[in-house]
Amino acid sequence: MKIIWFDFGGVLSPSIPELFDSYYEKTGIPAQLLHKAMKSVADEMNMDVLAPIEIAAITEQEWGTKLRKHLQTIAPEIDLSKARLEHFGEQWFDGIKPNPHMIALFHQVRSSGLKAGILTNNVVEWESHWKRVVGITDQADIIIDSCKIGFRKPQSEIFVIAAREAGVRPEECLLIDDVEDNCSAANQMGWKSVHFRESASVVAQVSDLLLTREGAMI
């Protein structure tokens, strides 16, 4: 093992349901409705839910405009006056704090002598916002962002690119991700993975791995 990759959304950040709940509090748009509108935008482009913006096929503003249109179609009675959909990322990440347990684990990984990377499906226009949330991107050994390379998890290409850019072999990579399909895809590419469900178990698994590694080096 030479590098542990941390997912951003749902690992370094709060869980995805928590993020949707936070957005509901800011805008009044229920999570189920917002997700349905996101899916409608993606369906028009024959893509997965957030793929259009996570591979930069369209801009945030274009995506937000489409999102507004679909919300108005799906639920014409909804008040969208508080939603800055065309500048979605700024509002989505406003007030969001990182997962302190995963931030501490990130530092533990680096202190152990392993590299710590961030492998994220993300959006061009959201970069300053999500990096501000985690507050550690300047300490990451490498960041691979879907919107900058045109591939996203769970596509195999992103794992090939990540290992190559980190200068390691696939079997030297471990991914921590809250999406099981992403973990499965990483495994198929020769990586190891830890499926994030809650912080305590992930911290325990990775800490045990680090102790085992340190013991083997003595």
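Residues numbered from 1 in each chain as written. Predicted model: local features only at pLDDT ≥ 70, side-chain atom pairs only at ≥ 80, totals over all residues. Heavy atoms only, no water.

Remarks on the overall build of the chain
Part 1 of the argument: Check the secondary structure of the chain and you find 12 helices and 5 strands.
Part 2 of the argument: Here the C-alpha radius of gyration of the chain, 18 Å, is about what a compact globule of 218 residues would show, namely 17 Å.
Part 3 of the argument: Expressed as a percentage of its 218 residues, the buried residues of the chain come to 48%.
Part 4 of the argument: Taking as baseline every contact in the chain between residues at least 6 positions apart, the subset at least 24 positions apart corresponds to 68%. (Helix = DSSP H or I, 4+ residues; strand = E, 2+ residues; numbered from the N terminus. Rg over C-alpha atoms; globule rule 2.2 N^0.38 Å. Buried < 20%, exposed > 50% of the residue type's maximum accessible area, 1.4 Å probe, protein only. Contact = heavy atoms within 4.5 Å.)

Things to note about the packing of helix α3 (residues 31-44) against helix α5 (residues 60-74)
Part 1 of the argument: Where α3 meets α5, the axes come as close as 9 Å, and the angle between the chain directions of the two elements is 120°. Note that α3 runs across α5; the crossing there is right-handed. Residues Leu 33, Leu 34, Lys 36, Ala 37, Met 38, Ser 40, Val 41 and Glu 44 of α3 form the contact with α5, whose own contacting residues are Trp 63, Lys 66, Leu 67, His 70, Leu 71 and Ile 74.
Part 2 of the argument: Considering only residue class, the contact of α3 with α5 consists of 9 nonpolar, 2 polar and 3 charged. (Axes fitted to C-alpha atoms, helices over the stretch in contact; angles between N-to-C directions. Left-handed = near helix turned anticlockwise from the far one by under 90°. Nonpolar A, V, L, I, M, F, W, Y, C, P; charged D, E, K, R; others polar.)

Quick notes on the nonpolar core
Part 1 of the argument: In this structure, Phe 6, Leu 67, Phe 88 and Ile 176 are the most contacted members of the largest nonpolar core, which totals 50 residues.
Part 2 of the argument: If we skip the residues at most four places from it in the chain, Phe 6 touches Val 11, Leu 12, Met 102, Leu 105, Phe 106, Val 109, Ala 116, Gly 117, Ile 118, Leu 119 and Ile 176. (Core = buried A, V, L, I, M, F, W, Y, C linked by side-chain atoms within 4.5 Å.)

Topic: helix α8 (residues 127-134)
Part 1 of the argument: Taken together, the buried positions of α8 are His 129, Trp 130, Val 133 and Val 134. Projection of α8 onto a plane perpendicular to its axis shows the buried side chains occupying an angular sector of 125°, all on one side.
Part 2 of the argument: Buried residues in α8 make contact with α1 (8-12), α6 (88-93), α7 (100-111), β2 (115-120) and β3 (142-145).
Part 3 of the argument: Positive phi shows up at Gly 135, right after α8, with a value of about 70°. (Arc of directions from axis to C-beta.)

Comments concerning α3
Part 1 of the argument: The terminal C-alpha atoms of α3, which comprises 14 residues, lie 20 Å apart, in line with the 20 Å expected from a rise of 1.5 Å per residue.
Part 2 of the argument: Where α3 is concerned, the buried positions are Leu 33, Leu 34, Ala 37, Met 38, Val 41 and Ala 42.
Part 3 of the argument: Taken together, the buried residues of α3 touch α2 (16-27), α4 (51-54), α5 and α6.
Part 4 of the argument: Downstream of α3 by a residue or two, Asn 46 has a phi angle that is positive, lying close to 55°. (Expected span 1.5 Å × (residues − 1).)

Overview of the layout of surface pockets
Gaps left between atoms show up when a probe the size of a water molecule is rolled over them.
Part 1 of the argument: Roughly 690 Å³ of internal volume is contained in the largest pocket.
Part 2 of the argument: As for the largest pocket, its lining consists of 28 residues, of which Ile 16, Leu 50, Glu 54, Arg 152 and Val 179 are closest to the centre.
Part 3 of the argument: Of all the secondary structure elements, the ones that give two or more residues to the lining of the largest pocket are α1, α2, α3, α6 and α11 (180-188).
Part 4 of the argument: Tallied by class, the residues present in the lining of the largest pocket amount to 14 nonpolar, 6 polar and 8 charged. (1 Å grid on protein atoms, 1.4 Å probe; cavity = no way out; pocket = protein on both sides within 12 Å on 5 of 7 lines; lining within 4 Å. Points joined across faces, edges and corners; volume = space filled by probe spheres on them.)

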